[in-house]
Amino acid sequence: VQLQAFGGGLVQAGGSLRLSCAASGRTFSSYNMGWFRQAPGKEREFVATISASGGSIEYADSVKGRFTSSRDNARSTVYLQMNSLKPEDMANYYCAAGPLMGATNPSLYTYWGQGTLVTVSS
C-alpha cells in the first residue's frame with residue numbers, strides 16, 4: 001500500500017483544515033489507518049486511528065472534540081478534519097496503515113505516507 005497525505009497549509013489559530021490520505025492498491029479497506037504528527041524536536045505522536053470499516057475511531061486526548069477522522073473505502077482515502085486549531089497543533093502530519101485496530105503506537109503501523117505540514121499562526 002502506498003500512501004500520500006495532502007491538505008496541510010497555513011491557518012490562523014481557531015481555523016480549520018482537512019487532511020486527506022490517498023492510498024493505492026486494492027487492499028485499502030482491509031487496513032486500519034492512523035494519523036500521527038511530529039513537531040520539530042519532538043517524537044512522533046498519535047493523533048487518531050480509524051478501523052478498517054470506519055466503525056471504530058479513537059483520538060488522542062489533545063485533539064478529542066476538535067479533530068474528526070473518517071474514511072471512504074470506495075475512494076481509498078482517509079480524512080482528518082481539524083477544527084479549532086491551536087499553535088500546538090503545528091506539526092508534520094502523517095497517515096499510516098496497519099493490521100491492528102486501535103493501535104496508538106507508530107511502530108504497529110506497516111505503511112507510511114509522507115508528511116504534510118500544518119502551520120498554525122497565533
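Coordinates for the structure precede this section.
Asks: Which parts of the structure should I look at to understand the packing of aromatic side chains?
Replies: Think of a pair of aromatic rings as described by two things: how far the centres are apart, and how the planes are tilted against each other in angle. Counted according to the given criterion, the structure contains six aromatic pairs. Considering the side-chain rings of Phe36 and Tyr109, the 5.2 Å spacing of their centres and the 75° angle between planes classify their relative orientation as edge-to-face. In this pair, Phe36 sits in strand β4 (residues 32-38) while Tyr109 sits in the loop between β9 (91-98) and β10 (111-112), placing the two residues 73 residues apart along the sequence. Accessibility classification places Phe36 together with Tyr109 in one group, the buried group. Among the aromatic residues, those joined into a cluster by ring pairs are Phe36, Phe46, Tyr94, Tyr109 and Trp112. A cation sits over an aromatic face here: Arg44 above Tyr94, 3.8 Å from the ring centre. For Arg71, the ring lying beneath its charged end belongs to Phe28, and the centroid distance is 4.4 Å.

Asks: Explain the nonpolar core to me, please; I cannot follow it from the model alone.
Replies: Across soluble globular proteins, you tend to see nonpolar side chains buried next to one another. In terms of nonpolar packing, the biggest core is built from 34 residues, with Met33, Trp35, Val47, Phe67, Leu80, Met82 and Tyr93 touching the most fellow members. Only β1 (2-6), β3 (17-24), β4, β5 (45-50), β8 (77-82), β9 and β11 (116-121) provide two or more residues apiece to this core. Element by element, the count of residues in this core is highest for β9, at five residues. Leave out the neighbours within four places in its chain, and Leu80 touches Leu17, Arg18, Leu19, Trp35, Val47, Ala48, Phe67, Thr68, Ser69 and Tyr93.

Asks: In this structure, what is going on with the pattern of salt bridges? I would like to understand it.
Replies: Any two side chains of opposite charge can pair, so long as their charged atoms come close to each other. Enumeration according to the criterion identifies five salt bridges in this entry. Between Arg37 and Glu45 there is a salt bridge, with its nearest N and O atoms 2.5 Å apart. Given the relative accessible area of 35%, Glu45 is considered partly exposed. Each of Arg37, Glu45, Arg66 and Asp89 takes part in a single network of salt bridges with overlapping partners.

Asks: So what exactly am I meant to see when it comes to the state of the cysteines here?
Replies: In a disulfide, the sulfur atoms of two cysteines are held together by a covalent bond. Per the stated rule, a full pass over the model turns up one disulfide. Here Cys21 pairs with Cys95 through a disulfide, and the sulfurs are 2.0 Å apart. Residues Cys21 and Cys95 are joined by a disulfide whose S-S torsion is about 65°; by sign, that bridge is right-handed. Taken together, the residues span a long stretch of sequence, with Cys21 in strand β3 and Cys95 in strand β9 at a distance of 74 residues. Cys95 shares its class with Cys21; the two are buried.

Rules behind the numbers
- Residues numbered from 1 in each chain as written.
- Predicted model: local features only at pLDDT ≥ 70, side-chain atom pairs only at ≥ 80, totals over all residues.
- Heavy atoms only, no water.
- Phe/Tyr/Trp six-rings, centres within 6.5 Å; stacked < 30°, edge-to-face > 60°.
- Helix = DSSP H or I, 4+ residues; strand = E, 2+ residues; numbered from the N terminus.
- Buried < 20%, exposed > 50% of the residue type's maximum accessible area, 1.4 Å probe, protein only.
- Lys NZ or Arg CZ within 6 Å of the ring centre and 35° of its normal.
- Core = buried A, V, L, I, M, F, W, Y, C linked by side-chain atoms within 4.5 Å.
- Contact = heavy atoms within 4.5 Å.
- Salt bridge = Lys/Arg side-chain N within 4 Å of Asp/Glu carboxyl O.
- Disulfide = S-S within 2.5 Å.

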